[in-house]
Amino acid sequence: MRLFYHPDLKDISLAGILYALGDPVRLEIVQRLAEQGELPCAALDCDVPRSTMSHHLRVLRESGVLYCRKEGTQHFNSLRRTDLDRLFPGLLEVILRSGQPSTSSVSHAAPTSWVRSSS
């Protein structure tokens, strides 16, 4: 049986986490796991080829975002939320919220103090 690599806490870096979560497919995987809890690989279908999905899961696992366990012939994935919160408090929540569509009516225009006057 092939064992999966899961980094120790001391080996998880902010740069690795941000890289892993910078891809839209990987962010979708993390959002699904955050909402639904532990899921088998088959339940994480993101309309990408199976080999591509394996790659995304490996990047998330090796960066320290996911934990994967084997049960029979299935692989179950879950977020390493406790570990991530211990290392980078609040980071995962901020990233998950930022990946959600905004329902805010706040304008994204620059504040008037940033606009240079022509005088």
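Please refer to the structure higher up on the page.
All of these numbers come straight from a predicted model, not from anything done at the bench.

Student: Run through the overall build of the protein, naming residues and quoting values.
Tutor: Within the protein one finds five helices and three strands. Listing each helix as α and each strand as β along the protein from the N terminus yields α-α-β-α-β-β-α-α. The burial tally for the protein puts 32% of its 119 residues in the buried class. Contacts in the protein between residues at least 24 apart in sequence constitute 64% of all its contacts with a sequence separation of at least 6. For the protein, the exposed surface amounts to about 8,100 Å²; the carbon and sulfur share of it is 54%.

Student: Break down the nonpolar core for me, with residues and values.
Tutor: Of all hydrophobic cores here, the largest spans 24 residues; its most connected members are Ile 29, Val 30, Leu 60 and Val 65. At the level of elements, helix H1 (14-21), helix H2 (24-36), helix H3 (50-63) and helix H5 (91-98) are the ones that each hand at least two residues to this core. Ranked by residues supplied to this core, first place goes to H2 with five residues. If near-sequence neighbours (up to four positions away) are discounted, Val 30 is found in contact with Leu 21, Leu 60, Val 65, Leu 79, Leu 92 and Leu 96.

Student: Could you give an account of the sheet that holds strand E2 (residues 66-71), with specific residues and numbers?
Tutor: One open sheet accounts for three strands, arranged E1-E3-E2; its pairing is antiparallel. For this open sheet the edge positions go to strand E1 (39-40) and E2, each flanked by a neighbour on one side alone.

Student: Outline H1, listing residues and values.
Tutor: Taken residue by residue, H1 has Ile 17, Ala 20 and Leu 21 as its buried positions. Burial along H1 is one-sided: seen end-on, the buried residues are contained in an arc of 90°. H1 presents Ala 15 and Tyr 19 as exposed residues on the side facing more than 90 degrees away from its buried surface.

Student: Quick one: what's the story with the side chain of Arg 26, residue by residue and with numbers?
Tutor: Topologically, Arg 26 is positioned in helix H2. Asp 23 provides the closest opposite charge to the buried, unpaired Arg 26, separated from it by 4.4 Å. At a separation of 2.8 Å, a polar atom in the side chain of Arg 26 contacts the main-chain carbonyl oxygen of Ala 20. Setting aside chain neighbours within four positions, we find Arg 26 in contact with Tyr 19, Ala 20, His 55, His 56, Val 59 and Leu 60.

Student: An account of the side chain of Asn 77 is requested, with residue identities and associated values reported.
Tutor: Examined against the element boundaries, Asn 77 turns out to sit in strand E3 (residues 74-79). Since its relative accessible area comes to 2%, Asn 77 is described here as buried. In this structure Asn 77 touches Leu 33, Gly 37, Glu 38, Leu 39, Pro 40, Cys 41, Leu 44, Leu 57, Leu 66, Tyr 67 and Cys 68, once residues within four positions along its chain are discounted.

Student: How would you summarise the environment of Leu 18 if you had to cite specific residues and measurements?
Tutor: Structurally, Leu 18 is set in helix H1. Linking Leu 18 and Leu 91, residues 73 residues apart in sequence, is a C-alpha distance of 9.7 Å.

Cut-offs and rules
- Residues numbered from 1 in each chain as written.
- Predicted model: local features only at pLDDT ≥ 70, side-chain atom pairs only at ≥ 80, totals over all residues.
- Heavy atoms only, no water.
- Helix = DSSP H or I, 4+ residues; strand = E, 2+ residues; numbered from the N terminus.
- Buried < 20%, exposed > 50% of the residue type's maximum accessible area, 1.4 Å probe, protein only.
- Contact = heavy atoms within 4.5 Å.
- Areas by Shrake-Rupley, 256 points an atom, 1.4 Å probe, with all protein chains shown as cover.
- Core = buried A, V, L, I, M, F, W, Y, C linked by side-chain atoms within 4.5 Å.
- Pairing = 2+ DSSP bridges.
- Arc of directions from axis to C-beta.
- Lys, Arg positive; Asp, Glu negative; His and termini not counted.
- Salt bridge = Lys/Arg side-chain N within 4 Å of Asp/Glu carboxyl O.
- Polar contact = N/O pair within 3.5 Å; in protein donor to acceptor, adjacent residues only side chain to side chain.

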